[in-house]
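# Commentary on secondary and tertiary structure
What follows is the residue order along each chain.
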Amino acid sequence: MIGNSWARPDEHGGHEEQLAELGLKYEYFEQLIREGEEARSAATKDDANNAAGTFDYFARVRTLRNLLRTEKQWHRYDPKQSPLTVNPDKSMGIGVLLGDARTGLPGNPQPRSHRPAGVAKESLVSRNQDIHPGLFPVPLVEEELETQRDEDEYANLITWYLLTFRYTARKQGYIEVRSELSLPSRVGPRGKIDSWDRRILLPAIRFKKTFDYPDGDTGFDVAVEEW
């Protein structure tokens, strides 16, 4: 874990209660953000410019899966190379996504995904709308689970994303990561997710940092279509 960091007080409140209704804890998301930031330190001057962001992304996906599998019996699901972590009754999945500067801030305009969603995420967002979920997924009874397995194992899956934005304050000597757990509802005309049915804003986290060489990486950069 990283010792030289702190969480900015959450001005909006309510995130712990909303996460609890989903069976989740803020500590899960705080830890994966910290692990991702720590993974960036493995990048050297001789690596490609996008190495730090790639290491960050891999660490976040791995940490989320490990935490939820260990504590909540969630499991891995990778539709078209778009990694999700899914709860036991397959009613809720969580992915990791890079957002723009509106991420973690209340009100409008809503944040957009940093890059076009790609085929897999477009399909998952479309399914969210087909299901017409409320804020929280309703656990399925055994009869409904059997029907679901017969038709489509993930037919009732609602996909949320941990959306993050990494702000670099070079003169002040810190990195701030803003984040939210949000439920996407639309892919816009430019291919980016730009509308969300629900947004659970999480406290921003700051990391002290010494900038000893240019940071050419602005976020995740993963060699698959969705990124």
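Read on for a plain summary of the structure.

Attention now goes to the overall build of the chain. Across its full length, the chain holds five helices and seven strands. Walking the chain from its N terminus toward its C terminus, one meets helices and strands in the order β-α-α-α-β-β-β-α-α-β-β-β. The buried share of the chain, taken over its 227 residues, is 49%. Counting only contacts in the chain whose residues sit at least 6 apart along the sequence, the fraction spanning at least 24 positions is 70%. Surface summary for the chain: the accessible area is close to 11,100 Å², and the carbon and sulfur share equals 47%.

In this section: the packing of helix 2 (residues 26–40) against helix 3 (residues 51–72). Packing of helix 2 against helix 3 leaves a shortest axis separation of 7 Å and a crossing angle of 145°. For the crossing formed where helix 2 meets helix 3, the hand is right-handed. Between helix 2 and helix 3, the residues in contact are Tyr28, Phe29, Gln31, Leu32, Ile33, Glu35, Gly36, Glu37, Ala39 and Arg40 and Ala52, Gly53, Phe55, Asp56, Ala59, Arg60, Thr63, Leu64, Leu67, Leu68, Glu71 and Lys72, respectively. Looking at the contact of helix 2 with helix 3 residue by residue, the class counts come to 11 nonpolar, four polar and seven charged.

Thresholds, definitions, all that
- Residues numbered from 1 in each chain as written.
- Predicted model: local features only at pLDDT ≥ 70, side-chain atom pairs only at ≥ 80, totals over all residues.
- Heavy atoms only, no water.
- Helix = DSSP H or I, 4+ residues; strand = E, 2+ residues; numbered from the N terminus.
- Buried < 20%, exposed > 50% of the residue type's maximum accessible area, 1.4 Å probe, protein only.
- Contact = heavy atoms within 4.5 Å.
- Areas by Shrake-Rupley, 256 points an atom, 1.4 Å probe, with all protein chains shown as cover.
- Axes fitted to C-alpha atoms, helices over the stretch in contact; angles between N-to-C directions.
- Left-handed = near helix turned anticlockwise from the far one by under 90°.
- Nonpolar A, V, L, I, M, F, W, Y, C, P; charged D, E, K, R; others polar.

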